[in-house]
Amino acid sequence: MAASAGERRRALLALSVGVFCIQLDSFGLNLALARIGRDLNADGSGLPWVISAYLLSTGTLMLGAGRLGDLFGRRRLLVAGLTLFGAASLACALATTLPFLVGARVAQGAGAALIMPVGLSLLTNVYPSGLRGRATGWALGIGGIATACGPFIGGALTEAVSWRAVFWLNVPLAALGAVCASHTAESYDTGAARTLDRRGLLTATAALAVLGVLIDRGPALPRPAAFGGGLLVAVLLFLFVRHERAAPHPLVRLALFRNGPYVALTLAGAAANTATVMFLFVVPLTLQGQWGLSVASAGAAFLAPALAMALAGPLAGHASARAAVPLC
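My aim in this report is to walk through the structure given alongside it, one point at a time. These figures come from a predicted structure and were not determined experimentally.

Details of unusual backbone geometry
For step 1, the next point in the chain: Phi is positive for asparagine 41, which is not a glycine, with a value near 55°.
For step 2, the next point in the chain: Mapped onto the elements of the fold, asparagine 41 is located in the loop between helix H2 (33-40) and helix H3 (49-72).

Here's the deal with the environment of threonine 136
For step 1, the next point in the chain: Assignment of secondary structure puts threonine 136 in helix H6 (residues 129-160).
For step 2, the next point in the chain: Among the residues examined, threonine 136 registers a relative accessible area of 21% and is labelled partly exposed.
For step 3, the next point in the chain: C-alpha separation for the pair threonine 136 and leucine 120, spaced 16 residues apart in sequence, amounts to 7.2 Å.
For step 4, the next point in the chain: The contacts of threonine 136, once residues within four sequence positions are left out, are Leu120 and Leu123.

Remarks on the nonpolar core
For step 1, the next point in the chain: Ile22, Leu78, Phe85 and Leu123 are the most contacted members of the largest nonpolar core, which totals 29 residues.
For step 2, the next point in the chain: Listing elements by their share of this core, those giving two or more residues are helix H1 (5-27), H3, helix H4 (74-93), helix H5 (98-126), H6 and helix H7 (164-182).
For step 3, the next point in the chain: Excluding residues within four positions of it along the chain, leucine 123 makes contact with Ala11, Leu12, Leu15, Ala135 and Thr136.
For step 4, the next point in the chain: Within the second largest apolar cluster, 19 residues are counted, among which are Leu40, Leu47, Leu101 and Val102.

Some remarks on a nonpolar patch on the surface
For step 1, the next point in the chain: Judged by side-chain polarity, Phe227, Leu231, Val235, Phe238 and Leu239 come together as a nonpolar surface patch covering roughly 510 Å² of accessible area.
For step 2, the next point in the chain: By the secondary structure assignment, leucine 231 is in helix H9 (residues 223-246).

The rules behind each value
- Residues numbered from 1 in each chain as written.
- Predicted model: local features only at pLDDT ≥ 70, side-chain atom pairs only at ≥ 80, totals over all residues.
- Heavy atoms only, no water.
- Helix = DSSP H or I, 4+ residues; strand = E, 2+ residues; numbered from the N terminus.
- Buried < 20%, exposed > 50% of the residue type's maximum accessible area, 1.4 Å probe, protein only.
- Contact = heavy atoms within 4.5 Å.
- Core = buried A, V, L, I, M, F, W, Y, C linked by side-chain atoms within 4.5 Å.
- Patch = residues over 30% accessible without salt bridge, like charges linked within 9 Å, V, L, I, M, F, W, Y side chains within 5 Å.
- Areas by Shrake-Rupley, 256 points an atom, 1.4 Å probe, with all protein chains shown as cover.
- Salt bridge = Lys/Arg side-chain N within 4 Å of Asp/Glu carboxyl O.

Have a look at this one:
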């Protein structure tokens, strides 16, 4: 049965709120690390984990989240992700030590890993084919605002109130998203086998986790540890590919990697996202450090990119489906 207009709006609002919170918390604390260190009596060496723990958790766990939504229900997993994200945000706001804050950020990342793929899949299923692109564009456009405005919002809240206000902001937004998501129709992947490729999920997740740590902390690691980590990633990826080739219902269809346009677009997207993360992490610190700008002033420099990213999402949503890369 087709979803009603009200269900479609609620699904769009739930995903938009979730994506906004995810992106805001990715970049909203870049300018607040020094203040967090003073408030929690933490030294500078451990502070970057406030950012890294969240990003690594999100990226590592996202691969299996979409499949879990297909099996156990996209609406159910979206509500669970928003609930976990809100609860972890509350824990972050109440943190009194750096280890507790980092642990809560890992839980936040787990919630974010559920929200993004499951929410997009739910949106695809409740909207008719002619409106899916526009709905997705609006949701990602709102996420683009949070991506570019994250340093400004986080900096302004840190300077005017506290860095804890960034997390307090998530609590009502995540609750709103969970309520909206709970009032949409449930959907499953009825065309696939009702099995989970556990071995593939385990090896892929472990490989992504080790690779993420190497990329994030590689220069600071001793050379033997970095070499051992790289070797472990290679072994895990080899085991993953060997298992996926023989699995009756693989987690990832390896045939996708023989699709040249798909691989090229995926690599281009990865490069663009990497550049965005580096830009939003390094530039605010430069503005605040070498240029001597205040936290709020350094964040204000990102208002123009925020406007561009906000417009890009809805515009991309108008692209014709005929221009999409086929997956077969």
